[in-house]
Structures are given as structure tokens and as C-alpha cells.
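Below are the chains, spelled out letter by letter.
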Amino acid sequence: MKLLVMSDTHGDAEIIQVVKERHPGVDVVIHCGDSELDYQHPYLEGVKRVRGNCDRDSRFPEELQFEIENKKVYVTHGHLLNVKSTTMNLFYRAKEVEADAVLFGHSHLLGAELIDNILFVNPGSLLKPRGIDEKSYAVLEYNDSIWKVTAYTDQGEEIFQKEYPLEEL
């Protein structure tokens with residue numbers, strides 16, 4: 001399973017298309033909100049997407065859940081869960097929906113971590129990064145009870161690659 005995750009593009013439609021074209025072999029493309037595009041924008045076609053605090057189109061859902069290869073993925077922008085202040089609300093929501101992976105944005109801070117066998121990933125921002133100089137997005141892969149997260153710059157250069165093996169319960 002391979003997921004392409006981006007967030008906080010804030011009106012830059014072209015970067016969405018560039019990143020999608022760079023990774024043609026992914027199973028799912030996800031935008032974690034603040035695209036600031038119309039819900040029907042052609043570059044969002046086929047993209048699983050949620051509404052961020054800067055998205056005006058009410059057709060975007062506030063959160064999204066889907067299953068792929070027996071893994072439950074939860075997507076939200078994060079502003080309604082106050083992720084800039086704490087990720088505890090996000091953690092509790094992940095537990096409620098029994099998520100295996102949680103994808104979110106809003107803070108523009110690139111990061112990934114495994115907590116209680118739940119993978120949390122913020123792909124950062126492809127327009128206005130915080131915490132690092134590089135604009136970023138992420139590719140997640142799942143194989144043999146191991147999550148692999150690779151973060152890239154908007155130019156496609158690798159920022160980091162980390163593996164997160166699940167604990168046997």
C-alpha cells in the first residue's frame with residue numbers, strides 16, 4: 001500500500017498536479033485541507049480531500065475515513081481538534097474511529113510518529129512551511145507490519161525516511 005499525502009497548498013493548484021505526476025504508482029492521493037480550491041477543481045479529481053479552515057467550499061468534508069488493505073485511515077485538517085495547541089484531541093479521535101493511520105495538516109509542521117500502534121503524519125505545507133525551510137509532502141508505505149514514511153521537498157528531494165514497525169499486541 002502506498003499513500004501520497006499533502007496539505008496546506010493555499011491556492012497553489014500547480015504544485016498539487018506536479019506532486020501527483022511525480023508519484024504515479026500510489027494507491028491513494030490525499031489532501032489534508034487548505035487547498036483553497038473549488039471542490040471540483042480538476043487537479044483535485046480522484047484526490048481524497050478534507051476541508052481546512054481556509055477552504056470556503058462547503059462540499060469538502062470536515063473529516064474522512066477510508067479503509068485500504070485492512071488499514072483504517074483517518075484524515076482531518078486538524079483545526080477543529082486544535083492540533084496547533086495539542087495533539088491529544090487528535091489522538092482521542094483516532095482511538096474513537098479505530099484508526100491505523102491519521103493524516104492531518106493545519107500547523108504546517110512536517111512530522112511523523114507512531115503512538116499506540118497508530119501512525120500520525122503531518123506532511124507539512126507545500127506553500128508556507130514552519131519549523132523547516134523546505135516545502136514538504138509525504139509518501140506512506142505499509143508492508144509486513146511496518147509503516148515507512150518518506151518526506152520530500154516540493155522539488156522531489158528526500159528530506160527523511162523513517163520506518164515505524166508495529167508492536168505485536
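Everything discussed here concerns the structure shown above.
Residues numbered from 1 in each chain as written. Predicted model: local features only at pLDDT ≥ 70, side-chain atom pairs only at ≥ 80, totals over all residues. Heavy atoms only, no water.

## Examining the overall build of the protein chain
What counts, and what does not: Helix and strand definitions follow DSSP, with helices as H or I runs of at least four residues and strands as E runs of at least two, each counted in order from the N terminus. In this setup the radius of gyration rests on C-alpha atoms only. A globule is expected at 2.2 Å times the number of residues raised to 0.38. With a 1.4 Å probe rolled over the protein chains alone, any residue whose accessible area is under 20% of its type maximum counts as buried; one over 50% counts as exposed, and the rest are partly exposed.
Secondary structure assignment for the protein chain yields 2 helices and 11 strands. Beginning at the N terminus, the succession of helices and strands in the protein chain can be written as β-α-β-β-β-β-α-β-β-β-β-β-β. In terms of C-alpha radius of gyration, the protein chain reaches 14 Å, essentially the compact-globule figure of 15 Å for 169 residues. The principal-axis extent of the C-alpha atoms belonging to the protein chain is close to 45 × 30 × 30 Å. Burial statistics for the protein chain: of 169 residues in total, 51% are counted as buried.

## Let's talk about the sheet that holds strand E11 (residues 158-165)
Note the following rule: When DSSP finds two or more bridges between a pair of strands, those strands are recorded as paired. Think of each axis as a best-fit line through the C-alpha atoms, taken over the contacting stretch in the case of a helix, with angles from 0 to 180 degrees between the N-to-C directions.
The 6 strands are arranged E3-E2-E1-E9-E10-E11 in an open sheet whose pairing can be described as mixed. The sheet is open, and its two edges are formed by strand E3 (47-49) and E11, each paired on a single side. When the angles between neighbouring strand axes are averaged without regard to direction, this sheet yields 20 degrees. Across 7 bridges, the pairing between strand E10 (residues 146-153) and E11 is antiparallel. Across the sheet, residue isoleucine 146 finds its bridge partner in E11, namely proline 165.

## What to know about the packing of aromatic side chains
The condition is simple: A pair of aromatic rings is counted whenever rings of Phe, Tyr or Trp (Trp by its six-membered ring) have centres within 6.5 Å, and the orientation is called stacked for planes under 30 degrees apart, edge-to-face for over 60 and tilted otherwise.
Applying the stated criterion across every chain yields a total of 5 aromatic pairs. Plain terms: the ring middles of tyrosine 137 and tyrosine 152 are 5.4 Å apart, the flat faces sit at 20 degrees to each other, and that makes the pair stacked. Taken together, the positions of tyrosine 137 in strand E9 (residues 136-143) and tyrosine 152 in strand E10 put the pair 15 residues apart, joining distant regions of the chain. Its relative accessible area of 0% is what places tyrosine 137 among the buried residues. Ring centres 4.8 Å apart and planes at 55 degrees place the aromatic pair tyrosine 142 and tryptophan 147 in the tilted group. As far as the burial class goes, tyrosine 142 and tryptophan 147 line up, both buried.

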